[in-house]
Amino acid sequence: SSGINAEWPLRPGSFKSTKFQCFHEYIPGNKKFTLEYQVISGGHFDVDCHIMSPDSKKLYNEQRKQYDTFIHTSTEAGEYSFCFSNEFSTFAHKQVYFDLDLGEDDKASPGEQGADAHATALTQLESSAYSIHEALRLVVDYQNHHRLKERIGREIAEYLCERVQNWSIAQTVLIIIVAFGQVFILRKFFDRPMPRGTSSKVGI
Amino acid sequence: LSLSLSLFLSPSLSFSPGKYKVEVHNDKTESFVMKQGVGMHVEVKDPDKNQVLSKYYAYEGQFVFTTHTPGEHYICLSPNSTRWFSGGNRLRVHLNIDVGEHANDYKQIQAKEKLSELQLRVRQLVEQVDQITKEQNYQRIREERFRFTSESTNQRVLWWAVAQTCILLIVGYWQMRHLKGFFEAKKLV
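Note that the coordinates shown come from a computational prediction; the quantities given were computed from them, not determined experimentally. (Residues numbered from 1 in each chain as written. Chains lettered and ligands numbered in written order. Predicted model: local features only at pLDDT ≥ 70, side-chain atom pairs only at ≥ 80, totals over all residues. Heavy atoms only, no water.)

Q: Just to check I follow, could you spell out the state of the cysteines for this structure?
A: Think of a disulfide as a covalent bridge from one cysteine sulfur atom to another cysteine sulfur atom. All names here are of chain A. Enumeration over the complete set of coordinates arrives at one disulfide over all chains. With its sulfur 2.0 Å from that of its partner, Cys-22 forms a disulfide with Cys-83. The S-S bond linking Cys-22 to Cys-83 shows a torsion near 110 degrees; that makes this disulfide right-handed. Here the residue Cys-22 occupies a position in strand β2 (residues 21–27), and Cys-83 occupies one in strand β7 (residues 78–85), the gap between them amounting to 61 residues. Among the residues examined, Cys-22 registers a relative accessible area of 28% and is labelled partly exposed. The thiol of Cys-49 is unpaired, and the distance to the nearest cysteine sulfur, on Cys-83, comes to 7.8 Å. (Disulfide = S-S within 2.5 Å. Helix = DSSP H or I, 4+ residues; strand = E, 2+ residues; numbered from the N terminus. Buried < 20%, exposed > 50% of the residue type's maximum accessible area, 1.4 Å probe, protein only.)

Q: Even after reading the chapter, I still don't get helix α2 (residues 117–185) of chain B, so can you show me in this structure?
A: Here α2(B) spans 100 Å end to end across 69 residues, near enough to the 102 Å set by a 1.5 Å rise per residue. The positive-phi residue at the C-terminal boundary of α2(B) is Lys187(B), with phi of around 55 degrees. (Expected span 1.5 Å × (residues − 1).)

Q: Explanation requested: the interface of chain B and chain A in the structure shown.
A: For interface size, the figure often reported is the accessible area lost on association. If you look at the interface, chain B gives 54 residues, while chain A gives 56 residues. When the two sides are added together, the surface that chain B and chain A hide from each other amounts to roughly 5,200 Å², 62% of it contributed by carbon and sulfur. Put simply, chain B and chain A have four salt bridges between them. Across the pair Arg147(A) and Glu72(B) runs a salt bridge, and its minimum N-O distance is 3.0 Å. (Contact = heavy atoms within 4.5 Å. Buried area = accessible area lost by both parts, 1.4 Å probe. Salt bridge = Lys/Arg side-chain N within 4 Å of Asp/Glu carboxyl O.)

Q: How should I be thinking about unusual backbone geometry in this particular structure?
A: Excluding glycine, most residues fall at negative phi; most peptide bonds, likewise, are trans. All names here are of chain A. For Asn-30, which is not glycine, the phi torsion reads 55 degrees and is therefore positive. Along the chain, the position of Asn-30 falls in the loop between β2 and β3 (32–41). Exposure remark for Asn-30: the relative accessible area of 65% places this residue in the exposed category. Even without being glycine, Phe-45 reaches a positive phi, approximately 55 degrees. Tracing the backbone through its elements, the reader meets Phe-45 in the loop between β3 and β4 (47–52).

Q: When you look at the side chain of Asp48(A) in this model, what are you seeing that I'm missing?
A: All names here are of chain A. As for its placement among the helices and strands, Asp-48 is situated in strand β4. Buried charged residue Asp-48 carries no salt bridge. Nearest counter-charge: Arg-64, at 5.8 Å. Within the structure, the side chain of Asp-48 is placed 2.8 Å from the backbone nitrogen of Arg-64, a separation counted as a polar contact. Not counting residues up to four positions away in its chain, the partners in contact with Asp-48 are Glu-62, Gln-63, Arg-64, Cys-83, Phe-84, Ser-85 and Phe-88. (Lys, Arg positive; Asp, Glu negative; His and termini not counted. Polar contact = N/O pair within 3.5 Å; in protein donor to acceptor, adjacent residues only side chain to side chain.)

Q: Before we go on, may I ask you to explain the side chain of Gln128(B) in this structure?
A: Relative to the helices and strands, Gln128(B) resides in helix α2. There is a polar contact of 3.0 Å between the side chain of Gln128(B) and the side chain of His133(A).

Q: When you look at the confidence of the model for chain A in this model, what are you seeing that I'm missing?
A: Atomic detail in the predicted coordinates should be set aside for any region of low pLDDT. The predicted model of chain A averages 79 in pLDDT, with 75% of residues at 70 or higher. In the model, residues 105–118 of chain A has pLDDT below 50 throughout and makes 23 contacts with residues more than four positions away in sequence or in other chains. (pLDDT = per-residue confidence, 0-100.)

Structure below.
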């Protein structure tokens, strides 16, 4: 299948950046296409998404979704816009994975075009081969989802590992500073000259 | 101003050169046109954030790079200067990279090796299965690294808990001894 399969980083809205990051693709008329997206890192893993048809009509508009699939058959040929926004976020940088599937095209589908046009001469072997092909496409799809899930989990785990180290070091340093600080300040209380003047100032 | 995206690539996965084209929005004609002198800087980083490619190209061309590590590769396209699109001009970037199975041109393969439709279909299935196998192998390696990270976190939490408890005890003991000595010297005890 032809399409776009990439991950896109989105800066949070608090930084000066464009409202939406869009990508555009020419889609011929009467063509079924599927947009699938998933936020793979950042904050609450949510993003705004909208799709515009060539005549500037919003085909899809969702706020703060974590993942979604949108299937649509194009009515007119032209440039469709797929836009994502992270404007609502204060600090979190997001990374969005998206996949635009436009169905089979010439290059990747040997025999496909012929099969559609006249479905008569398909032997059992040919139709088995076709169903294997479709099943494998599903496997590749699942693998892709699995890879994304693993990536999300792994990033959290690696971040956790780093955080544990950093905070532990900071805590340890803080303990030592506070311990010495306490003693030092306490000693300072007793170093002030007493009104009675009976204390002998013997330093240690 | 830049266009950055990441692609999952692997040394065992074939992919075509990145073909790109940059157009500048012409306010008068309300369309995007190619403009001489427009140049793009293409930067590609591998999953370990090492630079794999960093070159300047014209407004249209293709860039090639090799991968050594499987994972998310970061591609960044940025204009080489802001001269030719100041004042809020818009840029349009076309980018085309065929990855894995899609990098094969089956029509070409069929013509070169003189395969029938069925043979070509089987050939494609073999490529697909190959891609699936490679991805599974990648996952196996990734899972190993994930497990290593989790075990490392586990160890760190344990080690630091023990270490901090010891430090607290040592420091507490030192405090008492020090203050006792101090007060004894001050003849308050």
